[in-house]
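The chain contents come next:
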Amino acid sequence: MRDSVEVGGRPRTYTVVGPTDGKPSRDLVLVFHGSRQTGAKHRRFTGKAFDALADGGAAVVVYLDGHKGNWNDARRASRFPARRENVDDVGFTRAVIRKLVASHRIDPGRVFAIGYSNGGQMAMRLAHEAPELIAGAAVLAATMPAPENFLVADAPSVPMPVLLVHGTKDPIVGYAGGEPSWWVRKLFKIGGRSLSAPETAAYFAARNGITGRPVSRTLPKRAGSAGGTSAERTDYRQQGRPPVTLLTVHGGGHTIPGPRRAPAIVGRTNQDVNTADLVAEFFEIPIRPAKR
């Protein structure tokens, strides 16, 4: 269902997956697309994989639309229209949550953000600037901006579970962090230094007060999955602290692990892991088992 809300004098649009007459106190999953996408394009890009989070009736999934293909994330060096026009995407998120709490009987304490690339940067902005809005964040193919490149670096620490997914052969957002390539800066109008994926996981673990060492394990290959990649899961866990998990996709590109392969230009897609299933398990969202 397509819907809209006005924020700061701008009509903002989004697509809702899940009925209004479902169970009370349902979870809400907000999906933030990548640069040069819309919610609909991102939904096709993932093969509607995140729709499965609404299948069991315990959650509602919402695909939000950025401004002219982008989110006003918290990277200081961003130069796309959403940043130049200072679009209030935090306010947009707040308005969508408020509206869905009323219309779909959402539990406001069970709202989760999933963000891919620029959308992952938006999820990290929410976790810092408006942590009261979300109960956890899944950040796909994005890493933390370095302190000098992060507009809300001084935000107080509010612990929350964070799931990170990143490919080691990502040609757009490097797994090793640092400055983006010249063509990425030019094409996507971004810049500035970022942390590596492991440094991002360690950052959120420290933010959550986790002091123990992480535990890593290689995930099994799934019969029939495409070759060329493997998945390694690293968990930061400590009693009484929200967990942090990093899924490293060795050989993976700027992609989302799951049944739908991304175009080859952005690299290989791992199919040993279904990211929607991983999100459901990590945030304890009841769903029907995915079809294989």
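In case you missed it, the structure is sitting above this.
Just so it is clear, the structure is predicted and the values come from calculations on it, not from any experiment.

Side note on the environment of Leu 219
For step 1, the next point in the chain: As for its position among the elements, Leu 219 is in the loop between strand E8 (215-218) and strand E9 (230-236).
For step 2, the next point in the chain: In the structure, Leu 219 is positioned 11 residues away from Ser 230 in sequence and 7.5 Å away in space, judged by C-alpha atoms.
For step 3, the next point in the chain: Leaving out residues up to four positions away in the same chain, Leu 219 has contacts with Ala 231, Arg 233, Leu 247 and Val 273.

So, the packing of aromatic side chains
For step 1, the next point in the chain: Under the defined criterion, the tally for this structure stands at six aromatic pairs.
For step 2, the next point in the chain: Relative to Phe 92, the ring of Trp 71 lies with its centre 6.3 Å away and its plane at 20 degrees, an arrangement referred to as stacked. Within this pair, whereas Trp 71 is found in the loop between strand E4 (59-64) and helix H2 (81-84), its partner Phe 92 is found in helix H3 (residues 89-103), the two being separated by 21 residues in sequence. Each member of the pair Trp 71 and Phe 92 is classed as buried.
For step 3, the next point in the chain: Residues Phe 112 and Phe 283 carry aromatic rings whose centres are separated by 4.6 Å and whose planes lie at 25 degrees to one another, so their mutual orientation is stacked. Here Phe 112, found in strand E5 (residues 106-116), pairs with Phe 283, found in helix H7 (residues 275-283); they are 171 residues apart in sequence, far enough to count as distant.
For step 4, the next point in the chain: According to the relative accessible area criterion, Phe 283 is buried, its value standing at 3%.
For step 5, the next point in the chain: Aromatic rings pair up to connect Phe 32, Trp 71 and Phe 92 into one cluster.
For step 6, the next point in the chain: Lying across the ring of Phe 92, Arg 12 places its NZ or CZ 4.2 Å from the centre.

Things to note about unusual backbone geometry
Phi is mostly negative for residues that are not glycine, and the peptide bonds are mostly trans.
For step 1, the next point in the chain: For Ala 141, which is not glycine, the phi dihedral falls at a positive 55 degrees.
For step 2, the next point in the chain: Given a relative accessible area of 1%, Ala 141 falls into the buried group.
For step 3, the next point in the chain: A positive phi angle, near 60 degrees, is found at Glu 284, a position not held by glycine.
For step 4, the next point in the chain: Mapping Glu 284 onto the fold places it in the segment after H7.
For step 5, the next point in the chain: Here Glu 284 falls in the exposed class, since its relative accessible area comes to 64%.

A few points about the environment of Asp 3
For step 1, the next point in the chain: Along the chain, Asp 3 turns up in strand E1 (residues 2-7).
For step 2, the next point in the chain: Taking relative accessible area as the criterion, Asp 3 reaches 25% and is therefore assigned partly exposed.
For step 3, the next point in the chain: Linking Asp 3 and Tyr 14, residues 11 residues apart in sequence, is a C-alpha distance of 5.6 Å.
For step 4, the next point in the chain: In this structure, Asp 3 is in contact with Arg 12, Thr 13, Tyr 14 and Lys 99, ignoring residues within four places of it in sequence.
For step 5, the next point in the chain: Among the polar contacts listed, one links the side chain of Asp 3 to the side chain of Lys 99, at a separation of 3.3 Å.

Looking at empty space enclosed by the protein
For step 1, the next point in the chain: According to the stated counting rule, one finds two cavities of 30 Å³ or more in the structure shown.
For step 2, the next point in the chain: Of the volumes computed, that of the largest cavity is approximately 90 Å³.
For step 3, the next point in the chain: In this structure, the largest cavity is lined by 16 residues; those nearest its centre are Thr 46, Ile 256, Pro 257, Gly 258 and Arg 260.
For step 4, the next point in the chain: Taken together, the residues of the lining of the largest cavity sort by class into eight nonpolar, six polar and two charged.
For step 5, the next point in the chain: The space that makes up the second largest cavity amounts to roughly 30 Å³.
For step 6, the next point in the chain: Lining the second largest cavity, in full, are Val 139, Ala 142, Thr 143, Leu 164, Val 165, His 166, Ala 197, Thr 200 and Leu 246.
For step 7, the next point in the chain: If you tally residues by element for the lining of the second largest cavity, the top one is strand E7 (residues 162-167), at three residues.

A closer look at the packing of H3 against helix H4 (residues 118-129)
For step 1, the next point in the chain: It is at 11 Å that the axes of H3 and H4 come closest, and there the two elements cross at 80 degrees. One way to sum up the angle between H3 and H4 is to call them roughly perpendicular. Between H3 and H4, the residues in contact are Asp 89, Val 90 and Thr 93 and Met 122, Arg 125, Leu 126 and Glu 129, respectively.
For step 2, the next point in the chain: In terms of residue class, the contact of H3 with H4 is made up of three nonpolar, one polar and three charged.

Notes on the layout of surface pockets
For step 1, the next point in the chain: In this structure, the largest pocket spans a volume of roughly 390 Å³.
For step 2, the next point in the chain: If you go around the largest pocket, you meet 20 residues; those closest to its centre are Ser 35, Ile 172, Phe 188, His 254 and Val 266.
For step 3, the next point in the chain: Among the elements that line the lining of the largest pocket, the one with the most residues is helix H5 (residues 182-188), at three residues.
For step 4, the next point in the chain: Class assignment of the residues belonging to the lining of the largest pocket gives a composition of 11 nonpolar, six polar and three charged.

About the criteria used
- Residues numbered from 1 in each chain as written.
- Predicted model: local features only at pLDDT ≥ 70, side-chain atom pairs only at ≥ 80, totals over all residues.
- Heavy atoms only, no water.
- Helix = DSSP H or I, 4+ residues; strand = E, 2+ residues; numbered from the N terminus.
- Contact = heavy atoms within 4.5 Å.
- Phe/Tyr/Trp six-rings, centres within 6.5 Å; stacked < 30°, edge-to-face > 60°.
- Buried < 20%, exposed > 50% of the residue type's maximum accessible area, 1.4 Å probe, protein only.
- Lys NZ or Arg CZ within 6 Å of the ring centre and 35° of its normal.
- Polar contact = N/O pair within 3.5 Å; in protein donor to acceptor, adjacent residues only side chain to side chain.
- 1 Å grid on protein atoms, 1.4 Å probe; cavity = no way out; pocket = protein on both sides within 12 Å on 5 of 7 lines; lining within 4 Å.
- Points joined across faces, edges and corners; volume = space filled by probe spheres on them.
- Nonpolar A, V, L, I, M, F, W, Y, C, P; charged D, E, K, R; others polar.
- Axes fitted to C-alpha atoms, helices over the stretch in contact; angles between N-to-C directions.
- Parallel < 35°, antiparallel > 145°, perpendicular 65-115°, else oblique.

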